[in-house]
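# Observations on the three-dimensional arrangement
Each chain, written out:
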Amino acid sequence: MTPPAAARASDATLSLRDRLKDPSLLREQSYIDGGWVGTPEFPVVNPATGVAIAKVAQLGAAEATRAVEAASRAFPLWARLTAKQRSNILRKWFELIIANREDLALILTSEQGKPLTEALGEVDIGAAYIEFFAEEARRVYGETIPTQKPDARLLALKQPIGVCGAITPWNFPNSMITRKVSPALAAGCTVVLKPANETPLSALALAVLAERAGIPAGALNIVTGDAPPIGKVLCEHPAVRFVGFTGSTEVGKILYRQSAGTVKKLGLELGGNAPFVVFDDADVDAAVEGAIVSKYRNMGQTCVCANRLYAQDGIYDAFVEKLAAKVSAMKIGEGTEAGVTQGPLINAEAVEKVERHIADAVKGGAKIVTGGKRHALGRTFFEPTVLRDVKADALVAHEETFGPLAPVIRFKDEADVIAMCNASPFGLASYFYARDLGRVWRMAEALESGMVGVNTGLITTEVAPFGGVKESGLGREGSHHGIEEYLEIKYVMMAGV
Ligand SMILES: NC(=O)C1=CN([C@@H]2O[C@H](COP(=O)(O)OP(=O)(O)OC[C@H]3O[C@@H](n4cnc5c(N)ncnc54)[C@H](OP(=O)(O)O)[C@@H]3O)[C@@H](O)[C@H]2O)C=CC1
Ligand SMILES: O=C(O)CCCC(=O)O
């Protein structure tokens, strides 16, 4: 018998469940070979409240191997479907996600902390990847190649690469999954996914909807648990032909090394250190708006967040003043509360890193214009911060903060700022605000990054290629390039024609 609502509400696990329109989206077991497996034991904690909202299974190498075997069995069956059949199933998955977007956003905010409006936005773009790749499934064209011999015909076929591993981070628990899984499935590949330990519930909810959409057993498997052994299986198992990862450069390098033995293809979307440049000729108000979006979205916890801001002499003071005015007016609190734009950081280490960067900059002469300390709400809430007079050699200019800290550095001319922007082993995103057309071209071409935002602080969309250069990664996600990662080219020569 179902207990009365009051009794259920006293249980933290059930309180999230009770708030969902479809409580069956909250799953605590892993999803392998079309079955829900494992004993829920590892707590998933709401970073805003410190309360455990669910438990998930803590699986390891044995279960990851089982999942790879299931994906291997499913691969020939899934790959053999017509592109239209796969496309229709993906389309159904997209529709189910949109129909359940509010529940998915609530689950996301509850495990990750971002404001509900941002969570809704993430669910929408997460779904948009699936919609886009459902369409791309039908546009995987091969080539006919003009022959070099009269009696031969040459072709290039495109075929799915095989079983794919995917390892995803906590900062985008929904869209980083769909951005990997949907091009893989569209191409005809099958997938074993390990979501981040902090945020496994969004992944499991997506699996519920994938199952309802008709994605067959074994085509999509979700293994929650101990990252190193699961990652090792995904990198070393010979049946896995591709591993897609979003996360820290440190872990990306481990996966790269582990994959050498089986010469796997990798897609790595790693750390960044995005410069955000405002020139004297920029629209300063627009630059402030762009900086707010780029720096403070997800409390500064995106890999494309502006990390170091460079403002030219002539507009420096105006830019800092206007930015600080907006930042000091931000509403901080639990992501489900109306009007909140800044939730908690993901964990205590994240707060400590922000504090370390502030202390180092201040030691070097920087001044705190707004924020600068833990928020009165406690836990991992941190005041969104603006620093001025930051030196170009401060720690924060060289390390990704992954928190709500905007250090503003002064610069004199274009050549100086290009040199500072490119003095980094990372190269994911860059942003600049300028009106001079010649400067716009020169900057866009000179910046060493995979993506450049010109007069905008928001560049992510399913139709464009997302990815980095240098130590920010390998490969591209999204756009028609995104599906190519999951395809092999097979050259066929037909002789004696
Ligand atoms: N590019 C980006 O978008 C992201 C960048 N980062 C950067 O990384 C820093 C640290 O964040 P963190 O969460 O620790 O990032 P990690 O790189 O540690 O985690 C990302 C994913 O990798 C998994 N993982 C961790 N270790 C291994 C391993 N040895 N083998 C296989 N998988 C592994 C994690 O699992 P589990 O959760 O179970 O540990 C998670 O699923 C952040 O402060 C930020 O600077 C972080 C997240 C995203
Ligand atoms: O932080 C990431 O790894 C992805 C960013 C996605 C976005 O910009 O919405």
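Residues numbered from 1 in each chain as written. Chains lettered and ligands numbered in written order. Predicted model: local features only at pLDDT ≥ 70, side-chain atom pairs only at ≥ 80, totals over all residues. Heavy atoms only, no water.

## Observations regarding the site of ligand 2
- Taken together, the residues surrounding ligand 2 are Asn171, Phe172, Met176, Thr246, Glu269, Arg297, Thr302, Cys303, Val304 and Thr460.
- Within the side chain of Glu269, an N or O atom sits 3.1 Å from an oxygen atom of ligand 2.
- For ligand 2, an oxygen atom lies 2.8 Å from a polar atom in the side chain of Arg297.
- Coverage of ligand 2 by the protein chains reaches 97% of its 280 Å² of free accessible surface. (Near = heavy atom within 4 Å. Polar contact = N/O pair within 3.5 Å; in protein donor to acceptor, adjacent residues only side chain to side chain. Areas by Shrake-Rupley, 256 points an atom, 1.4 Å probe, with all protein chains shown as cover.)

## Quick word on the pattern of salt bridges
- For the coordinates displayed, the defined rule picks out 30 salt bridges.
- Measuring nitrogen to oxygen at the nearest pair gives 2.9 Å for the salt bridge that ties Asp124 to Arg101. You can see Asp124 sitting in helix α6 (residues 116–136) and its partner Arg101 sitting in helix α5 (residues 101–112), a full 23 residues away along the chain.
- The partner of Lys470 in a salt bridge is Glu448, with the nearest N and O atoms 2.8 Å apart. (Salt bridge = Lys/Arg side-chain N within 4 Å of Asp/Glu carboxyl O. Helix = DSSP H or I, 4+ residues; strand = E, 2+ residues; numbered from the N terminus.)

## Re unusual backbone geometry
- Of note in the backbone geometry, Asp33 takes a positive phi value of approximately 55 degrees without being a glycine.
- Relative to the assigned elements, Asp33 resides in the loop between β1 (30–32) and β2 (35–37).
- You will see that Met299, though not glycine, has its phi angle at about 55 degrees, which is positive.
- With respect to the helices and strands, Met299 occurs in the loop between α11 (284–296) and β13 (306–312).

## Quick word on the sheet that holds strand β15 (residues 385–390)
- Strand order in the open sheet formed by seven strands is β14-β15-β16-β13-β12-β18-β19, and the pairing between neighbours is mixed. Single-partner strands in this sheet number two, and they are β14 (367–370) and β19 (451–454). Along the sheet, successive strands turn relative to each other by an average axial angle of 25 degrees, direction set aside.
- Taken together, the four bridges between β15 and strand β16 (residues 405–411) define a ladder with parallel strand orientation. Pairing of Thr385 across the sheet is with Leu405, part of β16.
- Of the strands in this sheet, β12 (274–278), β13, β15, β16 and β18 (429–433) touch α11, which is tilted by about 170 degrees from β12. (Pairing = 2+ DSSP bridges. Axes fitted to C-alpha atoms, helices over the stretch in contact; angles between N-to-C directions. Contact = heavy atoms within 4.5 Å.)

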